[in-house]
Amino acid sequence: MASTQASFHSNSLQETVRPLAAFPENIWSDRIAPFTPDKEEHEMYEREIEMLKAEVASMLLATGKTMMERFDFIDKIERLGVSHHFDIEIENQLQEFFNVYTNFGEYSANDLSSAALQFRLFRQHDFNISCGIFDQFIDAKGKFKESLCNDTRGLLSLYEASHVRTHGDEILEEALAFTTTHLTSGGPHLDSTLAKQVKYALEQPLHKGIPRYEAWHYISIYGEDESNNKLLLRLAKFDYHLLQMSYKQELCEIISWGKGLESVSKFPYARDRFVECYFWAVGTLYEPQHSLARMTFAKVAALITMIDDIYDAYGTLDELQILTDSAERWDSSGADQLSDYIRASYTALLKFNKEVGEKLAKKQRTYAFDKYIEEWKQYMTTNLCQSRWFLRKELPSFADYISNGAITIGVYLTASAAFLDMDNASEDVINWMSTMPKLMFACSTHARLINDFGGHKFDKERGSGTALECYMKDYNVSEEEAAKKIREMCEDIWKVMNEECLRPTPIPRDILKMLLNIARVGETTNKHRIDGFTQPHAIEEFIRAMLVDFMSV
């Protein structure tokens, strides 16, 4: 699609040429039916889940199991998406295992599958277990033993473990290459269920997947396992269905809120992506206790989309300067100099945030709100810088583009929005965020790089610069070479994010998980060189599985 140049009449009745984008239309407008959960059905699911939770908890805490049997059961609970019911029990068990392991060197599994599972679970829960657990599988040349090549389950477990690596985990770099090679070559010769697991994992590593979608996928895989735990599987299906009921209700509220903004008539230049915004919110904060944060995240994401499209696909530089100056003062002075559409958008933004501020004041969380508004100002200032570059047909250096783009991608802003309604986002957490910690910067940089990797083709066709173009110019390389380098950078940033989550850290695990989940959604929806947010058909499968099609129980 080419860039669309359109003329609109401004308040001064002068024609203004605008760099409009031919965004794909909303594909969900007539596909999301109003939903009100049936009270009796909802209560029935809740009762059944409570009974199943009690039985699964007994299994989880039962004595007499080997350590690896307990690890395997924890893994099944997590992959089936029901670990939010057993967070304390799982944390206590893993802490106990880690203490014994680090103090006495025990519990080191003898088979590859068990050792890799143990390593992955510890790292996923931020325990800094040593890669030394894999030394027993290395030959005299420092390579993985060839005798492991036919151990498909062990290779698959090691492959998944390799994705929680950090800088310095050289053995896991070798593990990723070793397992990828042998799983790819051996996949066609496996039985159907294992073959499906291998094929899926090579396409989507567990650690980088969207948690709710990964649960949906694994429930079907686990259901094919003849040795599955029927009670655990039943809990997973009922829990997934019950959460879907909550999601559907919340999604309808988001759509209704969007209609109240009169987005189609007042903001026709912008992408209509309320469903996609809520999908990002669920992908980031799926647990039931985060309902308020999820709703705020989705609404702010929708407002970000509206403002982003003003800077990127509607406003002139003069208008954008006025808009940015108004945002810096956080008032409406100067708004009468803006076009009707921009003024309506900015007015909607001020009104929404005024209501949020009043709510947060009552909760005595003004420290979180102040940070959130600060992020809005920074977001709009950096967007103005980006607009200057591209409306003037200037291509910045790659370093300058990424430094600025790590803010314009909106991770700092959406995170600060989620923190508004997260109880464990204390003042200490907000102060931590203000120091621009390595984890926040890594998540934001990853988001910018993976977004530009996915959206490069669309943005290039409409004349908007991306990280790939800046890299191509700076290093005089081809588009394919630049794309390969961007993917390598994203992989390297995952190591940083993994490392920054390791204990000890003063930041609550829910906060760390939320930031990693932002990266997971971005990774999953952009990795095929399509921007799944702008091109909604690209993520339709995820939205249907997570939000639209009820899971059969």
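Here the structure is a predicted model, which is why all the values come from computation and not from measurement. (Residues numbered from 1 in each chain as written. Predicted model: local features only at pLDDT ≥ 70, side-chain atom pairs only at ≥ 80, totals over all residues. Heavy atoms only, no water.)

**Q** Teacher, can you tell me more about the overall build of the chain here?
**A** Tallying secondary structure elements over the chain gives 23 helices and two strands in all. Over its C-alpha trace the chain gives a radius of gyration of 24 Å, about what one expects of a compact globule, namely 24 Å for 553 residues. With respect to the principal axes defined by its C-alpha atoms, the chain has extents near 80 × 60 × 45 Å. For the chain, the residues scored as buried account for 57% of the 553 residues in total. Sequence-distant contacts, at least 24 apart, represent 74% of the contacts inside the chain between residues at least 6 apart. (Helix = DSSP H or I, 4+ residues; strand = E, 2+ residues; numbered from the N terminus. Rg over C-alpha atoms; globule rule 2.2 N^0.38 Å. Buried < 20%, exposed > 50% of the residue type's maximum accessible area, 1.4 Å probe, protein only. Contact = heavy atoms within 4.5 Å.)

**Q** I would appreciate a short explanation of the UniProt feature "domain: Terpene synthase metal-binding" (unreviewed entry) in the chain in the present structure.
**A** Mapped onto the present numbering, the UniProt feature "domain: Terpene synthase metal-binding" (unreviewed entry) falls on residues 261-495. The span residues 261-495 is 76% helix and 0% strand, and its two end C-alpha atoms sit 41 Å from each other. (UniProt positions renumbered as here; feature names shortened; annotations may be inferred.)

**Q** How should the nonpolar core be read in this particular structure?
**A** Side chains that are nonpolar tend, in soluble globular proteins, to be buried together. Membership of the largest hydrophobic core comes to 188 residues, with the highest contact counts inside it found for Phe279, Tyr372, Trp376, Met380, Phe419, Leu515 and Leu547. The biggest single contributor to this core is helix α9 (residues 230-260), with 15 residues. (Core = buried A, V, L, I, M, F, W, Y, C linked by side-chain atoms within 4.5 Å.)

**Q** Help me out: how do you make sense of helix α2 (residues 67-79) in this one?
**A** Owing to its 3.6 residues per turn, the α-helix brings residues three or four apart onto one side. Compared with the 18 Å implied by 1.5 Å per residue over 13 residues, the 18 Å span of α2 between its first and last C-alpha is a close match. Listed in full, the buried residues belonging to α2 are Met67, Met68, Arg70, Phe71, Phe73, Ile74, Asp75, Lys76 and Ile77. Looking at the residues trailing α2, positive phi occurs at Gly81, about 85 degrees. (Expected span 1.5 Å × (residues − 1).)

**Q** Could you clarify how one ought to interpret a negative patch on the surface in this entry?
**A** A surface patch of negative charge is lined by Asp38, Glu40, Glu43 and Glu46. Secondary-structure assignment places Glu46 in helix α1 (residues 39-61). (Patch = residues over 30% accessible without salt bridge, like charges linked within 9 Å, V, L, I, M, F, W, Y side chains within 5 Å. Areas by Shrake-Rupley, 256 points an atom, 1.4 Å probe, with all protein chains shown as cover. Salt bridge = Lys/Arg side-chain N within 4 Å of Asp/Glu carboxyl O. Lys, Arg positive; Asp, Glu negative; His and termini not counted. Charge placed at Lys NZ, Arg CZ, Asp CG, Glu CD.)

**Q** Hey, could you run me through the environment of Arg153 in this one?
**A** Counting through the fold element by element, Arg153 comes out in helix α5 (residues 152-162). The sequence separation of Arg153 and Leu194 amounts to 41 residues, and the corresponding C-alpha distance is 8.1 Å. Beyond its immediate sequence surroundings of up to four residues, Arg153 is in contact with Ser113, Leu194 and Gln197.

**Q** Would you mind going over the side chain of Ser83 with me for this structure?
**A** For Ser83, the location among the structural elements is in the loop between α2 and α3 (87-104). In this view, Ser83 contacts Ile77, Glu78, Ile90 and Tyr286; residues no more than four positions away in its chain are not counted.

**Q** What should I look at first to understand the packing of aromatic side chains in this one?
**A** Each aromatic ring pair is specified by the distance between its two centres and by the angle formed by the two planes. Here the structure, examined in full by the defined rule, presents 26 aromatic pairs. Look at Phe369 and Tyr372: their rings are 6.0 Å apart centre to centre, the planes differ by 45 degrees, and that puts the pair in the tilted class. Taken together, the residues span about one helical turn, with Phe369 and Tyr372 both in helix α15 (residues 366-391) at a distance of three residues. Given a relative accessible area of 15%, Phe369 falls into the buried group. What makes Tyr372 buried here is its relative accessible area of 0%. (Phe/Tyr/Trp six-rings, centres within 6.5 Å; stacked < 30°, edge-to-face > 60°.)

**Q** What is the right way to read the pattern of salt bridges from this model?
**A** As a working rule, side chains carrying opposite charge can pair if their charged atoms are close by. Using the criterion set out here, one finds 37 salt bridges in the structure. As a salt-bridge pair, Arg18 and Glu319 come within 2.7 Å of each other at their nearest N and O atoms. Here the residue Arg18 occupies a position in strand β2 (residues 15-20), and Glu319 occupies one in helix α13 (residues 317-329), the gap between them amounting to 301 residues. Classification of Arg18 as buried rests on a relative accessible area of 0%. In this structure, Arg123 engages Asp169 in a salt bridge whose closest nitrogen and oxygen atoms are separated by 2.9 Å. Placement of the pair is Arg123 in helix α4 (residues 112-124) and Asp169 in the loop between α5 and α6 (170-186), with a sequence separation of 46 residues. What emerges from the salt-bridge pattern is a single network uniting Arg165, Glu173, Lys208, Glu491 and Lys495.

**Q** In this structure, what is going on with the confidence of the model for the chain? I would like to understand it.
**A** A low pLDDT means the predicted coordinates there should not be read in detail. Overall, the prediction assigns the chain a mean pLDDT of 93, with 96% of residues at 70 or greater. Throughout residues 1-13 the model reports pLDDT below 50, and contacts reaching past four residues in sequence, or to other chains, amount to 40 contacts. (pLDDT = per-residue confidence, 0-100.)

**Q** Honestly, the packing of helix α19 (residues 438-461) against helix α21 (residues 479-500) in this entry has me stumped. Any pointers?
**A** In a pair of packed helices, the angle between the axes and the distance between the axes together describe the arrangement. Across the interface, α19 lies against α21 with an axial gap of 9 Å and an inter-helix angle of 155 degrees. It follows that α19 is roughly antiparallel to α21 by the angle criterion. For the pair α19 and α21, the crossing hand works out as left-handed. In contact with Lys438, Leu439, Ala442, Cys443, Thr445, His446, Leu449, Ile450, Phe453, His456 and Lys460 of α19, α21 contributes Glu479, Ala483, Ile486, Arg487, Met489, Cys490, Ile493, Trp494, Val496, Met497 and Glu500. Grouping the amino acids of the contact of α19 with α21 by side-chain chemistry returns 14 nonpolar, three polar and five charged. (Axes fitted to C-alpha atoms, helices over the stretch in contact; angles between N-to-C directions. Parallel < 35°, antiparallel > 145°, perpendicular 65-115°, else oblique. Left-handed = near helix turned anticlockwise from the far one by under 90°. Nonpolar A, V, L, I, M, F, W, Y, C, P; charged D, E, K, R; others polar.)

**Q** What is the right way to look at empty space enclosed by the protein in this model?
**A** Empty space among the atoms becomes visible once a probe the size of a water molecule is rolled across them. One pass over the full model with this rule turns up two cavities of 30 Å³ or more. The volume enclosed by the largest cavity comes to roughly 740 Å³. Looking at the largest cavity, it is lined by 42 residues, and the ones nearest its centre are Arg271, Asp308, Ile409, Asn451 and Phe533. Those elements that provide at least two residues to the lining of the largest cavity are α11 (274-284), α12 (291-313), α15, α16 (398-408), α17 (411-419), α19 and α22 (509-526). Here the lining of the largest cavity takes nine residues from α19, the largest share from any one element. Considering only residue class, the lining of the largest cavity consists of 17 nonpolar, 15 polar and 10 charged. (1 Å grid on protein atoms, 1.4 Å probe; cavity = no way out; pocket = protein on both sides within 12 Å on 5 of 7 lines; lining within 4 Å. Points joined across faces, edges and corners; volume = space filled by probe spheres on them.)

**Q** Can you walk me through the environment of Gln289 in this structure?
**A** For Gln289, the position within the fold is in the loop between α11 and α12. Along the backbone, Gln289 and His84 are 205 residues apart, and their C-alpha atoms lie at a distance of 9.4 Å.

**Q** It is not clear to me how helix α20 (residues 467-475) should be interpreted in this structure. Could you clarify?
**A** Listed as buried for α20 are Ala467, Leu468, Cys470 and Tyr471. The buried side chains of α20 occupy one side of the element, clustering within an arc of 160 degrees when seen end-on. For α20, the elements touching its buried residues are α16, α19 and α21. Asn476, located one to two residues past α20, shows a positive phi value of around 55 degrees. (Arc of directions from axis to C-beta.)

**Q** I would appreciate a short explanation of unusual backbone geometry in the present structure.
**A** Keep in mind that most residues, glycine aside, have a negative phi and that most peptide bonds are trans. Here the residue pair Arg503 and Pro504 is connected by a cis peptide bond, since its omega of 0 degrees sits within 30 degrees of zero. Within the secondary structure layout, Pro504 lies in the loop between α21 and α22. Positive phi outside glycine occurs at Met436, with the angle close to 50 degrees. Even without being a glycine, Arg529 presents a positive backbone phi close to 65 degrees.

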